[in-house]
Amino acid sequence: MTIYRDSFPPSNVDLFLAYAGMETDLIFNQDVDLPGFASYPLLKTTEGQELLKGYMKDLIALGKETSAGVILESPTWVANRDRGAALGYGFDELKKLNQDAIAMMAAVRLESDHAPIVISANIGPREDAYAPSAQMTPEEAERYHAEQIAVLAETDVDVISGYTLAYPTEAIGMVRAARQFGLPVVISFTVETNGRLPTGESLDEAISGVDTATDGYAAYFMINCAHPEHFSGVLEDASWMQRVRGIIANASRCSHADLDEAEELDDGNPSELGVQLSDLRRRFPHIKVLGGCCGTDMRHMKQIVTASHTP
């Protein structure tokens, strides 16, 4: 049963925790092979399902311990047609795995007495998030992402979350596709070390452009897959910044190009990351979602929530 689809985001929660660093933790710390950076194939085995559930249960436990809300992100970031095909998955199997992911998350939520726990269907870009070879038009992006979103709309999902997007027109298409199915949607852009999107736009240009093209339909925007030092200098007291409600940060200061080539995990400094994110939240109190992306684990998540609760 969907709980927050018609009331997203819950307005009575001061802080939500979200975690999107599972894949790097699995690959580098647990020696789990994830071809194509895809975690959804883990749903095919009991052992894999238990690994996925472990991350969700750990985040819920942290949320309960610290009285924070929790947004569970599904392992479906690259479970779309083109990126699935590259790994040998056809539409029917992708449909099943997308829906199995949400069913598993709903079961984990049902087992918990903590609230609120939001189920987010995490969807990603059609191509490489850091260096897309081509940019879709909004119409092309809407048609492409509507396929996965239609499948997810049949589940108990509360919100669609488009993560690690590199250019605005793909985000416009995602928002329009979510609107087709009456689903709330969050858009999260990634930025390079200069605070601009990989395709060159500023966050102001990207967010304002998406809002203009979609009548402001997105619930809010986020920044993910970048270190706070990469973008904190471009954040400002402006109308577009009021639309940024979440930051899911990398542990590493490395560029995307360097991260792609890394053979060892750079897990940064968990305590420092927590302080940096809490400082940004004090600067911009409307930010309600904090969490970790590449290179992070529950150590980072604990430091993020601890620093945010420190006066």
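Summary of the structure given here. Since this is a predicted model, take the numbers as computed values, not measurements. (Residues numbered from 1 in each chain as written. Predicted model: local features only at pLDDT ≥ 70, side-chain atom pairs only at ≥ 80, totals over all residues. Heavy atoms only, no water.)

**Structural notes on the overall build of the protein**
Part 1: Scanning the protein from N- to C-terminus turns up eleven helices and eight strands.
Part 2: Taking 2.2 N^0.38 as the reference for a compact globule, 311 residues should give roughly 19 Å; the C-alpha atoms of the protein span a radius of gyration of 18 Å, in line with that estimate.
Part 3: Oriented by its inertia axes, the alpha-carbon framework of the protein measures out at about 50 × 40 × 40 Å.
Part 4: Out of the 311 residues in the protein, the part that is buried amounts to 57%.
Part 5: In the protein, of all internal contacts separated by at least 6 residues, the share reaching a separation of at least 24 is 79%.
Part 6: When the accessible surface of the protein is totalled, it reaches about 12,500 Å², and 48% of it is carbon and sulfur.
Part 7: In the protein, 24 positive and 46 negative side-chain charges are present, and the distance between their average locations comes to 6 Å. (Helix = DSSP H or I, 4+ residues; strand = E, 2+ residues; numbered from the N terminus. Rg over C-alpha atoms; globule rule 2.2 N^0.38 Å. Buried < 20%, exposed > 50% of the residue type's maximum accessible area, 1.4 Å probe, protein only. Contact = heavy atoms within 4.5 Å. Areas by Shrake-Rupley, 256 points an atom, 1.4 Å probe, with all protein chains shown as cover. Lys, Arg positive; Asp, Glu negative; His and termini not counted. Charge placed at Lys NZ, Arg CZ, Asp CG, Glu CD.)

**Section: the pattern of salt bridges**
Should their charged atoms come close, side chains of opposite charge can pair.
Part 1: Per the stated rule, a full pass over the model turns up 19 salt bridges.
Part 2: The partner of R176 in a salt bridge is E139, and the shortest N-O contact between them spans 3.7 Å. Linking R176 in helix α6 (residues 168-180) with E139 in helix α5 (residues 138-153), this pair joins segments that are 37 residues apart in sequence.
Part 3: E139 sits in the partly exposed class, given a relative accessible area of 43%. (Salt bridge = Lys/Arg side-chain N within 4 Å of Asp/Glu carboxyl O.)

**A short note on the pairing of strand β7 (residues 244-249)**
Part 1: In terms of residue burial, β7 counts as a mostly covered element, since five of its six residues are buried.
Part 2: The pairing of strand β6 (residues 220-224) with β7 spans four bridges and is classified as parallel. Bridging across to β7, F221 finds its partner in V244.
Part 3: Direction of pairing for β7 relative to strand β8 (residues 289-292): parallel, over a ladder of four bridges. Residue pairing for β8: I247 is matched across the bridge by L290. (Pairing = 2+ DSSP bridges.)

**Here's the deal with the nonpolar core**
Within soluble globular proteins, side chains that are nonpolar generally end up buried alongside one another.
Part 1: Judged by nonpolar contacts, the single largest core of 100 residues is most densely connected at Y40, I187, F189 and L235.
Part 2: Here this core gets eight residues from one element, more than from any other, and that element is helix α4 (residues 91-111).
Part 3: Sequence-distant contacts of I187, defined by excluding residues within four places in its chain, comprise G162, L165, A171, M174, V175, Y220, F221 and M222.
Part 4: One finds M136, A141, A166 and Y167 within the second-largest nonpolar core, a separate group that totals five residues. (Core = buried A, V, L, I, M, F, W, Y, C linked by side-chain atoms within 4.5 Å.)

**Describing the packing of aromatic side chains**
Part 1: Counted under the stated rule, the structure contains five aromatic pairs.
Part 2: Summarising the aromatic geometry, the rings of Y40 and Y89 are spaced 5.4 Å apart at their centres and angled 65 degrees between planes, so their arrangement reads as edge-to-face. Residue Y40 is found in the loop between α1 (22-29) and α2 (46-66), and its partner Y89 is found in the loop between α3 (81-85) and α4; the two are separated by 49 residues along the sequence. The pair formed by Y40 and Y89 is uniform in burial state, with each residue classed as buried.
Part 3: Considering the side-chain rings of F189 and F221, the 6.3 Å spacing of their centres and the 10 degrees angle between planes classify their relative orientation as stacked. Taken together, the residues F189 in strand β5 (residues 185-189) and F221 in strand β6 connect sequence positions 32 residues apart.
Part 4: On the basis of relative accessibility, which here comes to 0%, the residue F189 falls in the buried class.
Part 5: Above the ring of W77, the side-chain terminus of R83 is found at 5.1 Å from the ring centroid. (Phe/Tyr/Trp six-rings, centres within 6.5 Å; stacked < 30°, edge-to-face > 60°. Lys NZ or Arg CZ within 6 Å of the ring centre and 35° of its normal.)

**With respect to the sheet that holds strand β4 (residues 159-165)**
Part 1: Read around the closed barrel, eight strands run β1-β2-β3-β4-β5-β6-β7-β8, paired in parallel fashion. Neighbour-to-neighbour, the strand axes of the sheet open up by a mean angle of 25 degrees, direction not taken into account.
Part 2: Where helix α11 (residues 298-309) meets the sheet, it contacts β1 (16-19) and β8, and its direction lies at approximately 150 degrees from that of β8. (Axes fitted to C-alpha atoms, helices over the stretch in contact; angles between N-to-C directions.)

**Digging into unusual backbone geometry**
Part 1: Omega for the peptide link from F8 to P9 comes to -5 degrees, which places this bond in the cis form.
Part 2: Its place among the elements puts P9 in the segment before β1.
Part 3: The omega torsion of the bond from A115 to P116 falls at -5 degrees, within 30 degrees of zero and hence cis.
Part 4: If you trace the backbone, P116 turns up in the loop between α4 and β3 (117-123).
Part 5: Backbone geometry places D31, a non-glycine residue, at a positive phi of 60 degrees.
Part 6: Take D31: it is sitting in the loop between α1 and α2.

**Description of the pairing of β8**
Part 1: Judged by which residues are buried, β8 turns out to be covered on both faces: V289 and G291 on one side and L290 and G292 on the other are all buried.
Part 2: As judged from the four bridges shared by β1 and β8, these two strands associate in the parallel manner. The partner of L17 across the bridge, within β8, is L290.

**Brief notes about the environment of A86**
Part 1: Among the secondary structure elements, A86 is positioned in the loop between α3 and α4.
Part 2: Residues A86 and G36, spaced 50 residues apart in sequence, show a C-alpha to C-alpha distance of 8.1 Å.

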